[in-house]
Amino acid sequence: MKVPLPPLRFRLSKFFSSPIPFFRNLPDGCKATLLYLAVWVAFLPLLLLRDFSPGNELRYFSLAEDALREKTFFTFDLNGVAYADKPPLFFWLLIAWKLVFGPHYMQAAPLLSLLPAFGIAEIMRRWLRDEIQVDGKQCFTGFDATLILLTSGLYIALSGFVRMDMLMCFFITLAFRTFWLQLHRPTRMRRYTFPLFVFLALFSKGPIGLLLPFVATTAYLVSSKQMRTFRVFWGWRTWLLLGLCCTAWFLSVYNEGGLEYLRNLLFHQTFDRAVDSFHHKEPFWFYLKGVWYGFAPWSLLLAASFCFALRRRFALQDFERFFAVIVISGFILFSAISSKIDIYLLPLYPFIVFLGISFLQRYDLKSRLFALTLRIPAGLFLLGGICLAVLSVAVPDFPFWRFPLFLLGCILASSGLLSLFAVRNFRLPAAVRRLAAGMLLALFLIGFITPAVNDYIGYAHLAAVARETARTEGIATFYAWNVPRPEGMDVFLTKPIRKISTEELFCNPPHGSVLLLKKSDLTAFPEYKASIIGRYAVIVI
């Protein structure tokens, strides 16, 4: 005799009463692995379809290819102009990436930022796991801290760009972690790995890779009255290893580029930037405004956590004191340096996030204030998503792709609505996870929309049209007029492109050349036939 099955409605309601039970019961490490995979999948369309920014990414590709072609691996030049701004490690990795991935290395190059971003998050997650044990159903866990870090505005943005900032941040985080382990569980090996990680941070982007570890660790040893261990970390062994590595580096630079290049590297790009910057000069308080959008949408949650900790005068655990010293000393250091952009603060982001989450373990998460810090971004997601969905349907000739933008609006609105339901029941970790899931789904969808805007953010299509025009007309020279930072376009053109001034263009025009210019400047050449690409145009003069 067959036993009748229970009604389907009952089975479905039972499933939805306990959402994703399999994921909930996984260990934190497995959750983190799935999170890294999800973030990589979210970035995948952008990696494959996005054009590269001319300001930095194309420039780095050009430098790496020039170095590979000229066999100069310690000194670099950009279309014949010395480029001593950055150390060579990141360019070596780009060269290695090209040798591994071949013609597709440019699409794979953002992994040089994404993989270090995962490495930083995993180091911090394990660090928090070793220090505190929490009930994952009621409190924020290391997984939630990792999720917040990976979806913070500036952090997630830099994870998909070809820059050396994330690589330097990775080595700085490794140096701090090694310092902490050596302080509490000393081994002989860590006496050598600590200065090695410091040098790799220095070799990734410059002096801040050395200054931040030195200032923060020294400040912590002073504040915790452990200066007797200073020589363990900053004794003769550390300075000898740093000195030997830097000497080999500087001698190689001198051998390839001479004294002038070495002077530019050691003085102009270090002391001049720090004391009276010729580039990105900002006031002392510059970073006080940048952290608000840098940590979006979690800025209010983290700020509330720190304010409550100060108000209640928490007795900090040892690792929390170390994180706080890193954040405070690093903030003062970066503010004192003349050259400032929001990206420079990136090495402090992991410690700010994980310190804030550590504080949250001591709070009653049913507080209305903490609920408000998530209700506001969730409401903005809901309102912004609805507006985007309505505009994409109601406005005639809405720009770019109508259906993907409608879908994007629905994803953001749904994420915000589900988060508001969780906040209403004071399930704040669930609200964070739903907002973050909406952000990652939105990022995945945005990747498919980027081809519609590539002509406005990059030069790949412009260079392709210029190259085809030159091939058709039998021309071998390229010029750019009023086109910002065109030097990196030689990656696509396979030939140098020269910037030409207005005076030179009209007084002594380079006839028989392909000229790239802004579309708005075509009025100066009414008789020429032009190919329009986004904001730019290509003509033959």
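This text gives an overview of the structure that appears in the document.

Some thoughts on helix H11 (residues 190-204)
Residue pairs spaced three or four apart in an α-helix point in one direction, given the helix's 3.6 residues per turn. If you check H11, its first and last C-alpha atoms are 21 Å apart, about what 15 residues at 1.5 Å a residue would give, namely 21 Å. Most of H11 sits inside the fold, with 12 of its 15 residues counted as buried. Considered for burial, the residues of H11 that qualify are Arg190, Thr193, Phe194, Pro195, Phe197, Val198, Phe199, Leu200, Ala201, Leu202, Phe203 and Ser204. Residue Gly206 follows H11 closely and has a positive phi angle near 145°.

Quick notes on unusual backbone geometry
Cis rather than trans, the peptide bond between Ala296 and Pro297 has omega equal to 5°. In this structure, Pro297 sits in the loop between helix H16 (286-294) and helix H17 (299-312). A positive phi angle, close to 60°, is found at Lys71, a residue other than glycine. Classification of Lys71 by relative accessible area gives exposed; the value is 56%. The backbone phi angle of Arg485 is positive, close to 50°, even though this residue is not glycine. Turning to its location among the elements, Arg485 is positioned in the loop between strand E3 (478-481) and helix H25 (490-493).

Observations regarding the environment of Lys31
Tracing the sequence through the fold places Lys31 in helix H3 (residues 28-49). Using a relative accessible area of 9% as the deciding quantity, one classes Lys31 as buried. Placed 410 residues apart in sequence, Lys31 and Leu441 show a C-alpha to C-alpha distance of 17 Å.

Thoughts on the packing of helix H20 (residues 368-394) against helix H21 (residues 402-424)
At their nearest, the axes of H20 and H21 sit 7 Å apart, and the two run at 155° to each other. Comparing their axes, H21 and H20 come out roughly antiparallel. Helix-helix and strand crossings are classified by hand; for H20 and H21 the assignment is left-handed. In terms of residue class, the contact of H20 with H21 is made up of 18 nonpolar, seven polar and three charged.

What about the pattern of salt bridges?
Going through the model one piece at a time under the given rule, you end up with 14 salt bridges. When the shortest N-O distance is used, the salt bridge between Arg50 and Glu57 registers 2.9 Å. Its relative accessible area of 12% is what places Arg50 among the buried residues. A single salt-bridge network, built from bridges that share partners, covers Glu122, Arg125 and Arg126.

Quick look at the state of the cysteines
For the coordinates displayed, the defined rule picks out zero disulfides. In this structure Cys410 is a free cysteine whose sulfur lies 13 Å from that of Cys387, the closest cysteine sulfur available.

Quick word on the side chain of Thr146
Looking at the secondary structure, you find Thr146 in helix H8 (residues 142-150). For Thr146, a relative accessible area of 0% corresponds to the buried category. In this structure the side chain of Thr146 is engaged in a polar contact, spanning 2.8 Å, whose partner is the backbone oxygen of Gly142. Excluding its chain neighbours within four sequence positions, the residues that come into contact with Thr146 are Leu35, Tyr36, Ala121, Arg125 and Phe354.

So, helix H5 (residues 89-101)
Between its first and last C-alpha, H5 extends 18 Å over 13 residues, near the 18 Å set by a 1.5 Å rise per residue. What H5 keeps buried is the set Leu89, Phe90, Phe91, Leu94, Ile95 and Trp97. Against helix H4 (57-70), helix H6 (105-108), helix H7 (111-131), helix H10 (165-184) and H11 lie the buried residues of H5.

A short note on the nonpolar core
Counting 170 residues, the largest nonpolar core has Phe61 and Leu94 as the members making the most contacts within it. Examining the composition of this core, we find that 13 residues originate from one element, H10, more than from any other. Every residue in contact with Phe61, bar those within four places of it in the chain, is listed here: Phe52, Leu94, Tyr105, Met106, Ala109, Val162 and Val491. One finds Leu505, Leu515, Leu517 and Phe525 within the second-largest nonpolar core, a separate group that totals 11 residues.

Describing the pairing of E3
By the alternation rule, side chains of E3 split into Phe478 and Ala480 and Tyr479 and Trp481, which are all buried. Here E3 pairs with strand E5 (residues 514-518) via four bridges, running parallel. Paired with Ala480 across the bridge in E5 is Leu516.

How each quantity is defined
- Residues numbered from 1 in each chain as written.
- Predicted model: local features only at pLDDT ≥ 70, side-chain atom pairs only at ≥ 80, totals over all residues.
- Heavy atoms only, no water.
- Helix = DSSP H or I, 4+ residues; strand = E, 2+ residues; numbered from the N terminus.
- Expected span 1.5 Å × (residues − 1).
- Buried < 20%, exposed > 50% of the residue type's maximum accessible area, 1.4 Å probe, protein only.
- Axes fitted to C-alpha atoms, helices over the stretch in contact; angles between N-to-C directions.
- Parallel < 35°, antiparallel > 145°, perpendicular 65-115°, else oblique.
- Left-handed = near helix turned anticlockwise from the far one by under 90°.
- Nonpolar A, V, L, I, M, F, W, Y, C, P; charged D, E, K, R; others polar.
- Salt bridge = Lys/Arg side-chain N within 4 Å of Asp/Glu carboxyl O.
- Disulfide = S-S within 2.5 Å.
- Polar contact = N/O pair within 3.5 Å; in protein donor to acceptor, adjacent residues only side chain to side chain.
- Contact = heavy atoms within 4.5 Å.
- Core = buried A, V, L, I, M, F, W, Y, C linked by side-chain atoms within 4.5 Å.
- Pairing = 2+ DSSP bridges.

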